[in-house]
Amino acid sequence: MRTEAHILIDQTISENLPLIDLEIEMFENDGLNIEINQHPIKAYASLEWMIPPLFFAFFAKPYFVGFLNKAGEDHYEVLKRWILKMNSKFRGHFTQTITATKSTKKVDKDSNTPNNFFGVYFKTPLGNNLKVFMPNCNSEQEDIKALSDLLDDLRKLYSKPESKFARKIKGLTDKVYEELYAVFNIDKGKWEFFTGSMLVKHTMSR
């Protein structure tokens, strides 16, 4: 996801679905560059066909190293409020998984990831994209706490690069453009972080 914008919003549109109010006006601020892309819905071709999120938000490196340094803490609170509001709006929604007829690894259609109508990506200082899977806690208040804690930690990647959390993320991979994933473990009550291959192994071992 290469963009000159601070924030990239990618929205899937369909004749059968009304356009979602993304409430972008919450971000209004001089000097903040927001890019919005819209495209028709389509499936990703693979053994298991995954219908993508209705929209995702990508927060690029310039947002953290440039804009936030000037706008300060107040705008970071706006970011948190927006993500929490979007999570609340789509809480409990599912993306659709269509299993290919020749696939040897069938997907349990009752185990689709909740809240995946809404995706959030952050660019790490090393250049990795970190995808945050929205939590599926027992209550919305637990969702709010989990996301708030994660967002506070994510800012440390830039503001405190030698923090324990920043070192944990750096230690996941030495491949600059490998995608990373954040998944909230409800049983343990904490966020877990994976590379793509680690996430596959983790999912298959459950």
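The structure this text deals with has already been given above.
Quick look at the structure, then.

## Some words on helix α2 (residues 73–89)
The terminal C-alpha atoms of α2, which comprises 17 residues, lie 25 Å apart, in line with the 24 Å expected from a rise of 1.5 Å per residue. Inspection of α2 places H75, Y76, V78, L79, K80, W82, I83, L84, M86 and N87 among the buried residues, and these make up the whole buried set.

## Looking at the packing of aromatic side chains
Inspection of the entire model under this criterion finds 13 aromatic pairs. Relative to W82, the ring of F27 has its centre 5.1 Å away and its plane inclined at 55°; by these criteria the two rings are tilted. In this pair, F27 sits in the loop between β1 (7–13) and β2 (34–40) while W82 sits in helix α2, placing the two residues 55 residues apart along the sequence. In textbook terms, an aromatic cluster arises when at least three aromatic residues are bridged by ring pairs, as seen for F27, F59, Y63, F64, F67, W82, F122 and Y158. If you follow R155 out to its NZ or CZ, it ends over the ring of Y76, 4.9 Å from the centre.

## Observations concerning the nonpolar core
Of all hydrophobic cores here, the largest spans 44 residues; its most connected members are F59, W82 and L154. Residues in contact with L154, not counting those within four places in the same chain, are Y76, F122, L130, V132 and F165. Core analysis: the next-biggest nonpolar cluster, separate from the first, contains five residues, L8, F56, F58 and A60 among them.

## Observations concerning the pattern of salt bridges
For the coordinates displayed, the defined rule picks out eight salt bridges. The closest approach of N and O atoms between D149 and K145, which form a salt bridge, is 2.8 Å. Of this pair, D149 and K145 both sit in helix α3 (residues 140–159), four residues apart, which is roughly one turn of that helix. Given the relative accessible area of 54%, K145 is considered exposed. One network of salt bridges, with partners in common, ties together E23, K85 and K89.

## A word on the side chain of N129
Here N129 is to be found in strand β7 (residues 129–132). Within the structure, N129 has its side chain in polar contact with the side chain of K123 (distance 3.0 Å).

## Comments concerning the environment of I169
With respect to the helices, strands and loops of the structure, I169 is situated in helix α4 (residues 164–170). Owing to a relative accessible area of 5%, I169 belongs among the buried residues under this scheme. Placed 43 residues apart in sequence, I169 and L126 show a C-alpha to C-alpha distance of 9.7 Å. Apart from residues no more than four positions distant in its own chain, I169 is found in contact with T124, L157, L180 and F193.

## Here's the deal with the packing of α2 against α3
The N-to-C vectors of α2 and α3 enclose an angle of 145°; their axes lie 10 Å apart at closest approach. Crossing angle aside, the handedness with which α2 passes α3 is right-handed. Residues E73, Y76, K80, I83, L84, N87 and S88 of α2 form the contact with α3, whose participating residues are E140, D143, I144, L147, S148, L151, D152, L154 and R155. Residue classes in the contact of α2 with α3 are distributed as seven nonpolar, three polar and six charged.

Parameters and conventions
- Residues numbered from 1 in each chain as written.
- Predicted model: local features only at pLDDT ≥ 70, side-chain atom pairs only at ≥ 80, totals over all residues.
- Heavy atoms only, no water.
- Helix = DSSP H or I, 4+ residues; strand = E, 2+ residues; numbered from the N terminus.
- Expected span 1.5 Å × (residues − 1).
- Buried < 20%, exposed > 50% of the residue type's maximum accessible area, 1.4 Å probe, protein only.
- Phe/Tyr/Trp six-rings, centres within 6.5 Å; stacked < 30°, edge-to-face > 60°.
- Lys NZ or Arg CZ within 6 Å of the ring centre and 35° of its normal.
- Core = buried A, V, L, I, M, F, W, Y, C linked by side-chain atoms within 4.5 Å.
- Contact = heavy atoms within 4.5 Å.
- Salt bridge = Lys/Arg side-chain N within 4 Å of Asp/Glu carboxyl O.
- Polar contact = N/O pair within 3.5 Å; in protein donor to acceptor, adjacent residues only side chain to side chain.
- Axes fitted to C-alpha atoms, helices over the stretch in contact; angles between N-to-C directions.
- Left-handed = near helix turned anticlockwise from the far one by under 90°.
- Nonpolar A, V, L, I, M, F, W, Y, C, P; charged D, E, K, R; others polar.

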